[in-house]
Amino acid sequence: SYECTPIWSPDSKQIAFASDRNGNFDIFVMPATGGTAQRLTTHSSSELPSAFTPDGKYILFSASIQDPSQSALFPTTAMTELYKVPVNGGRTEQVLGTPAEAVCYAPSGEVFLYQDRKGFEDEWRKHHTSSITRDIWLYDTKTGKHTNLTNHAGEDRNPVLSPDGKSVYLLSERKGSFNVYSFPLDNAQDLKAVTSFKTHPVRFLSMSHGGTLCYAYDGEIYTQKDNATPQKINIDIVRDDQDKIADLTFTNGATSGTVSPDGKQIAFIVRGEVFVTSTDYATTKQITHTPAREAGLTFAPD
């Protein structure tokens, strides 16, 4: 199966993620130290988690399940809705009928940030400027008011709130490639660059409880503390590949050796398998691959 979009619970004791082990992507939650994953959603559409609520009781996720009856959006599976499901399992509830991706809650839980989606444009496209590029929005959970914080013709995405809830970090293409930018939550016009990478886009922005940024650049993962230079993380990947097939060399022990009628080939058996070698060249080929032991070699007259 394929697992993706992992998110941490507020107490760092659980991880929610999407898995296609049952066909389409469903939401699962598991202990952060490892263990059995509990399935939380069962709908036939794909669900992708984006955030825990600050109290840790719900997981917010995006899925194309059911547009509200009063929605003016064209009904298409490409335009998701926002839902929540209890961490311990239970009925899902619709939070928003419009696409709201990469949700990031304020510590109080009274507001959250999200990136919108207005059309079908590929999310990995670079240097894209049009009316459907993503913007960062603020949603008030009490009043239901949406506020566009960026309102920019280019891409602004992946909002992250600082631990004190006063600063917003995001990925934007304001100058060249995607980089990390920040602005005060109460003054979105005061936008400042945090990183200055040139060639490739910065992706997958997140932040620790201590305020350390984490993101990907050029296939590597970096962390960055406040007013400090980015630090590339050295990662050791432990793979679970099968052991490499052994190469065996034999100089004796062949059985059932027989020469072809024209004298140019010799067939023999080693460890129960048939091999044929040339008398003119140093070429040997294995021509049987069976679990049984082969015996009694004979060349056909031709």
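Residues numbered from 1 in each chain as written. Predicted model: local features only at pLDDT ≥ 70, side-chain atom pairs only at ≥ 80, totals over all residues. Heavy atoms only, no water.

Participant: Report on the pairing of strand E15 (residues 179–184), specifying residues and quantitative values.
Facilitator: The element E15 is extensively covered by neighbouring structure, given that five of its six residues are classed as buried. Note: strand E14 (residues 167–172) against E15, six bridges, orientation antiparallel. Counted as the bridge partner of Ser 172 is Asn 179 from E15. Between E14 and E15, which pair antiparallel and follow one another directly, the connecting turn spans six residues, one of which, Gly 176, has a positive phi of 75°. The sheet contact formed by E15 and strand E16 (residues 192–193) spans two bridges and is antiparallel. Directly across from Tyr 181, in E16, lies its bridge partner Ala 193. (Buried < 20%, exposed > 50% of the residue type's maximum accessible area, 1.4 Å probe, protein only. Helix = DSSP H or I, 4+ residues; strand = E, 2+ residues; numbered from the N terminus. Pairing = 2+ DSSP bridges.)

Participant: If you had to explain the pattern of salt bridges to someone new, which residues and values would you point to?
Facilitator: One pass over the full model with this rule turns up eleven salt bridges. For Asp 26, the salt bridge identified is with Arg 39, shortest N-O distance 2.9 Å. With Asp 26 in strand E3 (residues 24–31) and Arg 39 in strand E4 (residues 38–39), this pair connects stretches of sequence that are 13 residues apart. Between Arg 134 and Glu 101 there is a salt bridge, and its shortest N-O distance comes to 4.0 Å. Taken as a pair, Arg 134 in the loop between strand E10 (111–115) and strand E11 (136–140) and Glu 101 in strand E9 (residues 101–105) lie far apart in primary sequence, 33 residues in all. Overlapping salt bridges bring together Glu 101, Arg 117, Arg 134, Glu 155 and Arg 157 as one network. (Salt bridge = Lys/Arg side-chain N within 4 Å of Asp/Glu carboxyl O.)

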